[in-house]
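# Examination of the molecular architecture
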Amino acid sequence: MALTREQREQFLAEPHVAALAVDAGAGRAPLAVPIWYQYEPGGDIWIITELDSRKNQLISAAGRFSLMVDRLEPTIRYVSVEGPVVDTRPATLEQLREISARYLPAEQVDAYVDFSWKNHGEQVVIHMRPERWVSSDLGNADDYAPKDAGPA
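Residues numbered from 1 in each chain as written. Predicted model: local features only at pLDDT ≥ 70, side-chain atom pairs only at ≥ 80, totals over all residues. Heavy atoms only, no water.

## Overview of the overall build of the protein
From N to C terminus, the protein includes 4 helices and 8 strands. Principal axes of the C-alpha set define a box for the protein whose edges measure 65 × 45 × 30 Å. Counting only residues that meet the buried cut, the protein has 39% of its 152 residues in that class. Restricting the contact set of the protein to residue pairs at least 6 apart, pairs at least 24 apart contribute 71%. Surface summary for the protein: the accessible area is close to 8900 Å², and the carbon and sulfur share equals 54%. Positive and negative side-chain charges of the protein, numbering 15 and 23 respectively, have mean locations separated by a distance of 5 Å. (Helix = DSSP H or I, 4+ residues; strand = E, 2+ residues; numbered from the N terminus. Buried < 20%, exposed > 50% of the residue type's maximum accessible area, 1.4 Å probe, protein only. Contact = heavy atoms within 4.5 Å. Areas by Shrake-Rupley, 256 points an atom, 1.4 Å probe, with all protein chains shown as cover. Lys, Arg positive; Asp, Glu negative; His and termini not counted. Charge placed at Lys NZ, Arg CZ, Asp CG, Glu CD.)

Right under this line is the structure:
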């Protein structure tokens with residue numbers, strides 16, 4: 001069953017690791033990689049990546065990308081969203097801290113941010129405006145299990 005707008009936006013706002021997909025050019029399958037993202041219902045999605053990364057180069061060339069997030073418990077649910085890039089700018093330390101705090105335990109955030117800021121090179125924040133959504137809640141996996149017919 002498709003999710004309502006409110007359900008899909010709330011699900012996307014949860015801290016899932018997304019699969020990012022972007023056109024990789026003629027003769028290539030799309031690049032698909034896991035990524036952290038930030039989203040608040042009704043707003044744009046943003047990601048952070050290295051300025052010189054293949055991901056950033058492909059997103060810049062394509063002008064758009066998609067994200068897909070899913071879960072298996074308590075129900076099988078997914079949201080896929082695609083849209084145009086609406087802004088790209090240098091990442092700030094505060095943005096790196098915000099996205100890191102979304103995914104890491106509080107006691108690990110400072111060390112990760114320090115390491116990332118010093119070792120990952122120049123980073124950029126890419127904003128995508130959600131334009132097309134595909135979503136579904138497929139129910140509980142137990143709903144699909146064969147039922148015991150009992151003794152014969």
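## Looking at helix H2 (residues 54–62)
Those residues of H2 that fall on the buried side of the exposure criterion are Lys55, Asn56, Leu58 and Ile59. In an axial view of H2, the angular spread of the buried residues amounts to 165°, which keeps them on one side of the axis. What points out from H2, more than 90 degrees from its buried face, is the exposed set Ser60 and Ala61. Buried-residue contacts for H2 involve strand E1 (18–22), strand E2 (31–35), strand E4 (45–50), strand E5 (64–71), strand E6 (77–90) and strand E7 (123–128). (Arc of directions from axis to C-beta.)

## As for unusual backbone geometry
Residue proline 74 is bonded to the preceding glutamate 73 through a cis peptide linkage, with omega at 0°. Tracing the sequence through the fold places proline 74 in the loop between E5 and E6.

## A look at the pairing of E7
For E7, a buried count of 6 out of 6 residues is recorded, marking the element as mostly surrounded by other parts of the structure. Burial along E7 is two-sided: the residues Gln123, Val125 and His127 and Val124, Ile126 and Met128 are all buried. Where E4 lies against E7, 6 bridges are found, and the strand directions are antiparallel. Within E7, the residue paired with isoleucine 45 across the bridge is methionine 128. (Pairing = 2+ DSSP bridges.)

## Describing the pattern of salt bridges
Inspection of the entire model under this criterion finds 10 salt bridges. With its nearest N and O atoms 3.0 Å apart, the salt bridge here joins arginine 129 to aspartate 44. Here the residue arginine 129 occupies a position in the loop between E7 and strand E8 (132–137), and aspartate 44 occupies one in the loop between strand E3 (38–39) and E4, the gap between them amounting to 85 residues. Classification of aspartate 44 by relative accessible area gives partly exposed; the value is 22%. With a closest N to O distance of 2.9 Å, arginine 89 and aspartate 87 form a salt bridge. (Salt bridge = Lys/Arg side-chain N within 4 Å of Asp/Glu carboxyl O.)

## Quick notes on the environment of leucine 51
With respect to the helices and strands, the residue leucine 51 is situated in the loop between E4 and H2. Here the alpha-carbon distance between leucine 51 and glycine 121, two residues 70 residues apart in the chain, equals 7.6 Å. Aside from chain neighbours lying at most four places away, what touches leucine 51 is Asn56, Glu122, Gln123 and Val124.

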